[in-house]
Structures are given as C-alpha cells and as structure tokens.
Protein chains: 2
Amino acid sequence: MNARITKLVSRFPWATSPLLIGAPMRVLSGPHLAVAISAAGGLGFIGPGAKTDDLKPDLETAKELVRNADSLRSASLLPVGVGFQLWNDTLETAAELIKQYRPCAVWLYAPKDDAEFETWSAKIRKASDGTSIWIQVGTLGEVKRLLDQSQHPDVIVVQGAEAGGHGRAEDGLGAFTLVPEVVELLHERGVDIPVVAAGGIVDGRGAAASLCLGADGVAMGTRFLASSEARIGKGYQDEIVRASDGGLNTTRTLLYNHLRGTFGWPKEYAPRTIINQSHHDQKAGTPFETLKERHDEAVKAGRGWGPDGRTATYASASIGLIKDVLPAKEIVKQTHKQMRSLLADLRQPLASKL
Amino acid sequence: MNARITKLVSRFPWATSPLLIGAPMRVLSGPHLAVAISAAGGLGFIGPGAKTDDLKPDLETAKELVRNADSLRSASLLPVGVGFQLWNDTLETAAELIKQYRPCAVWLYAPKDDAEFETWSAKIRKASDGTSIWIQVGTLGEVKRLLDQSQHPDVIVVQGAEAGGHGRAEDGLGAFTLVPEVVELLHERGVDIPVVAAGGIVDGRGAAASLCLGADGVAMGTRFLASSEARIGKGYQDEIVRASDGGLNTTRTLLYNHLRGTFGWPKEYAPRTIINQSHHDQKAGTPFETLKERHDEAVKAGRGWGPDGRTATYASASIGLIKDVLPAKEIVKQTHKQMRSLLADLRQPLASKL
C-alpha cells in the first residue's frame, strides 16, 4: 500500500505524497488552475476544450506559467496533464499537441466504444513516450475490458457515482464500493496498475478514505471549481459554495446537456448537476421547447445559475462540504494537511484497545 | 475524533475500539449472530422479527447465550441491541420486551412519519433508561428534522446508498458524501451525537474509510449474512458469496417486496437486491401476475435464489468484496485487524514526504 502510493507519486518528482490530482474538467480546468495545483505539490490537469484545437493556447499558457514556477521549471515533461473526451475530441490534433508540448500525463475518458482507448493510447505513446496514460472508468466491466486490451494504461481512474459532470448514467456505484472492487480485480489478475480515486472527494476526509479503500492517489474536480484559478462564471461558482445536501439538490439528468444544445454523449453517461428551475419545470410537465426558451432567456439575462436559474450547474454530490473559494494552492495544502492529521489521529484508538 | 471514537465504544464495556456493529437485519440477524458479534468485541443487534412478538424468544435465547459468554456475562444491560422497523412493529409490545430484557441499545428505523421517532424514543426511555437509542437516517433532511425534536437520539446511524435491504429509494447518497455531511451538520448545530456509518461496509477498508469520513463507529450488515451464525437460507447465503460487481448485479426495486406479498413500506424506501430472473422478466415486459406465479413456483421448488432464481436476495452493493462464509467472530477480528494495519500503514507515505 505504502509502496504503491510512493511509486505513483514518484513519477511526478515535484509532487507531495500521496498524489493529489486536479481533474480535467471540460473548459473549467484551464492552465492557470492546472499549473497552480502542480506548483502546490499536486498534479493539475487541463480539461478538454470546446474543440480539441482550443487546447493549443492553453498548453502555451501552461508552458509559460511553468517557466515562472520554481518547483516545476526543471521537470523534463510539462508538469501538468491534459484530459480528452474521446467521443468528441480529435485524435490527430490531440496527438500533434501531445508531441509538441509533452504533458506528463493524459487522461482519457468517454469513448464511443472501448476500442478507442487502444487507438488513442497507441497514438499517444508514439507521440510522446514519457507521457503516462490515464484511463477513467466508472464500472468494473470497463476495467475487465481494459485488461483484455493489448496495452494497459499507466493509471486507472476510478470515478464513483458521487462525481459531478458526466459519469455513468445507471450502472455506476459509489467510490466506497467501486474503488476496492477495482483494486481487488487488478490484484486477482496479477496486474500492477495504480488506481486513482475520483468522485465526491472534496477534502482530506474523502482523500484519506480513498487511500483506506485502496486508492494510490486521489483526484478532486468540483472542489477546484471553488478555486480562484478556475475558469468559471461567477454565478456558477457562487452556486458551488451556496448549495448543500447533494442528495436532495443534485441529480443525474441529460436535460441540461440538451438545453445547451449538447448532443452525442455515449448513452452510458449522464451528468450530475445542481437542480434548478429547469429541472423543476420539467418534472411539472413543461414541454422541452418552453424549457429551452426560458433557459435561453435566463442565460441571456445573466440569470442562468442559482436556485431560480435554468442552466447547467454540473457539480459533485459533495457540494455541501464546499464552503469557500480558495486559491488552488490552499486547497492542495489543506487537503494534504487534513489527510495527514486524520490518519495520524486515527491510529490511536485502534492501537490502544486491542 | 479520537476522543469521540473512544467515547462511543466506552458505553459498551466489552467492546473493542472502534465500535464495530452488526446491523439489525430483519429476521436474518438472530440472537446467535448478535451474541457472537458482541462476544468478539463488537456490538450485535437482533433484527426485527416478522412480528414484534417474535422478538421474545430471540431475546430469551440471547439472554441464555450471554450467560455462557465470559466476556459478556457481567454486563449490566443485555449486551446486544434490538432493531425495530417502526412502520410495522408494535410499540406496546416492543416497550414491554425492552422493559423485561433491557437490551443495551435499540435501533429505530423506517417510521411512517418522523414524529414516530419521538413517540418510540419517549416510551423506550421510560421502559429502560439505560438503553441507548439509535436512529437510522439516509438523508441530511432526516437529521435536520431529528434535531428539531425535543429529545435527541443517543446515536445517529448514517446509511449510505450502497446498503442492502431497505434504504432511501431516490434521495439517498453514498456514505462517501453523506457521512461527512451529517457530521458537519451536527458540528454546526453544536450537537454532540455519535455517528455510526452503515451501507456497503464489508471489511477493514470500508471501516477505516468510514472513520476517515468522520464516523465514530461502523456497522456492517451484508457481511454478516455470510457468517455461520446468520439466520439465512443456504441458497441466499450462497448468492452473497457468489455474486460480484454490485453496480451491474444489484439494484433498488420494490418488485421483490411485492412478489413476497410485502406491501406498506413508507414510500421513501426501496430495497437493494441481487438481480435475478424476476427482474429480467419484468424489464422484458412480463406482467406482474405471471412474475408472481413463476416466483411462487420457484420458491416452492427450492429454486428461489441464484442467477436463475426469482425471489428477494437483499444485499449490499459491496457483494463483490464478500468471498467466504466465516464465523462472526472471525469477521469482527479480521475487520478490526485490517482497519488497524491499514491506518498504521497509511501514516507512512504521508509523514515521509511532507
């Protein structure tokens, strides 16, 4: 366990153990956020752009920011990762950018079919052989299929059902069950691939719990939406801080994709969002055309977000645990600190009475 | 944290820290299981009977078993707990039995409305003032309402959505999010009530993770279905050991309640079960009457359980992590041991590199 945690983090020489990762949230995780996370001793990922081409200016900015960061400057690869949504990113463009900028890691996600993981992995390894390949899954079946492929990923990201944004629509499980299940499957198959837990982790408690469940590193997404560096609208960010009780106030639904004109996600996925007026109106039977009109009006008028808002507010089920906007550096430091003190504290009652 | 864990376990003088609890599974958690768990240094609960009256012989047996258990004999109250499903248990009968047998704890669950918690608590405190009152919740809203009542419970059991059997039908969250949310709410309100985590915990990993998330004790249900002492049919127990991948192979549905002729559960609840032929046939459009005929035939012919079976096989989403039937004592000891070694092991990478 120990050795596994150390092994994963040691691939990223600037990082503090255990590896704490900023997830590649589409558009929201820009270069400023990613570099700030890495500079604080974590590993930040830049999220997919609206188009794959959009990644180029982001990588250029990241390169520039790294040049000014003492702890990162000497890294042999670009000390941030990049995420791709395979179903709507362009492999050719991605491979060119990876070749040019050599990010230390890529995080692959949401293929139209699992075979795309192989195509992408092969091309990326050719473009930059030092770049480690992370593949995100939300079910045990996906891991089984990955292990049947000719090349294994370098890291498997196990995303629990608490995750914000797009996750498994129906067959996903909480990290609580899914992480140990994946770890056991890998162990049974004799396969040594590090596991990163994701989904609903927003602080040192969830991070420490993930390590107990068998993860070797921990990724946070939504927590970084409430960071100074997130590329996010103020109304959206305010909601992340305001909202609580994710069981009551978040849900998985395709409605907000459709309201924003996004179609084409593989059918296995649906996003978790904070519930607002569009969802309530839909439940009350309002037809889609009317919902769409109201949505577009609200967005135009700057009233997209909030409990009376109408647009997508993708977020984790753990929103109730996020109460402030902080610099990414503080989030990384606090999470590491809380993890450490929790695990130190918890040894005691176990040791004393047995 | 430390102090809180110690405080909870110290109420049960025979128990090892942190408190490990056998959940009161209806009918399945009998006196042999409950006493074996307590005798191993945990706290076993007897589950509700088919009728409240059925509890009497169970309590009589428990009393007898305790008399023969060295570590339990001197306890001032009966060193096992008792669970009640408020919507179909009879308070008068329950109160009489509690007065007569004085179990150390009662676990209250599934009222028709939340006010029943107050009625039951008041009557139970009168019947046996040493008996500690545990109330199970699956949402933050329930906790808020509990805190508005005149009397607080002695323990709040927070059941995550991974749980087997009956849990919240739609608004439940995984333990990963729900446990820290409840702990924070209690803290914000300045209320000092211990929190026990439940739902999907089957070993030392889930137990240690629960402590990281802020729980003061840990309850396991499904794991004890695969114990020598469980009051369970062989076909059912075999399924618990055989089944895996809870995301794919378990679901929440009312179908199996209805096939068994059980109606009347409060609408907020639905049970998690291992999927079998009845579920598949229902999805394929088979009418209920036909499902019911097939169900009754299969049960009569001793083919109720198994992938081709047709009857209720309630179980946690974590079934994939349960691989053997063990004496309850072994389960308690192994879980404590794994928890301890995990937490000891995990301190290292945190301490070393920061």
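Conventions adopted
Residues numbered from 1 in each chain as written. Chains lettered and ligands numbered in written order. Predicted model: local features only at pLDDT ≥ 70, side-chain atom pairs only at ≥ 80, totals over all residues. Heavy atoms only, no water. Pairing = 2+ DSSP bridges. Helix = DSSP H or I, 4+ residues; strand = E, 2+ residues; numbered from the N terminus. Axes fitted to C-alpha atoms, helices over the stretch in contact; angles between N-to-C directions. Contact = heavy atoms within 4.5 Å. 1 Å grid on protein atoms, 1.4 Å probe; cavity = no way out; pocket = protein on both sides within 12 Å on 5 of 7 lines; lining within 4 Å. Points joined across faces, edges and corners; volume = space filled by probe spheres on them. Nonpolar A, V, L, I, M, F, W, Y, C, P; charged D, E, K, R; others polar. Parallel < 35°, antiparallel > 145°, perpendicular 65-115°, else oblique. Left-handed = near helix turned anticlockwise from the far one by under 90°. Buried < 20%, exposed > 50% of the residue type's maximum accessible area, 1.4 Å probe, protein only.

If you look chain A up in an unreviewed UniProt entry, it shows as Nitronate monooxygenase from Cyphellophora attinorum.

### A look at the sheet that holds strand S6 (residues 155-159) of chain B
Residues and elements named next belong to chain B. The sheet built from eight strands closes into a barrel, its strands ordered S1-S2-S3-S4-S5-S6-S8-S9 with parallel pairing. The sheet shows a mean angle of 25 degrees between the axes of neighbouring strands, taken without regard to direction. Here strand S2 (residues 43-46) pairs with strand S3 (residues 78-85) via two bridges, running parallel. Looking across to S3, one finds that Phe45 is bridged to Gly81. Together, S2 and S3 form the strand contacts of helix H3 (residues 55-67), whose direction differs from that of S3 by roughly 165 degrees.

### A word on the layout of surface pockets
Roughly 1500 Å³ of volume is contained in the largest pocket. Put simply, the parts of the chain that give the lining of the largest pocket at least two residues each are helix H11 (246-249), strand S10 (250-252) and helix H13 (277-283) of chain A together with helix H11 (246-249), strand S10 (250-252), strand S11 (269-274) and helix H13 (277-283) of chain B. Classifying every residue of the lining of the largest pocket gives 12 nonpolar, 17 polar and 14 charged.

### Looking at the packing of helix H4 (residues 91-101) of chain A against helix H5 (residues 115-127) of chain A
All names here are of chain A. Two numbers describe how H4 lies on H5: the axes approach to 8 Å, and their chain directions differ by 30 degrees. The orientation of H4 with respect to H5, classified from their angle, is roughly parallel. When the axes of H4 and H5 are compared, the crossing they make is right-handed. Taking contact as the criterion, the partners of Leu91, Glu92, Ala94, Ala95, Ile98 and Lys99 in H4 are, on H5, Thr119, Trp120, Lys123, Ile124 and Ala127.

### Structural notes on H4 of chain A
Residue and element names in this part refer to chain A. Looking only at H4, the buried set comprises Leu91, Thr93, Ala94, Ala95, Leu97, Ile98 and Tyr101. Looking at the buried residues of H4, the elements they touch are helix H3 (55-67), strand S3 (78-85), strand S4 (103-109) and H5. A positive backbone phi angle near 45 degrees is found at Arg102, which sits one or two residues after H4.

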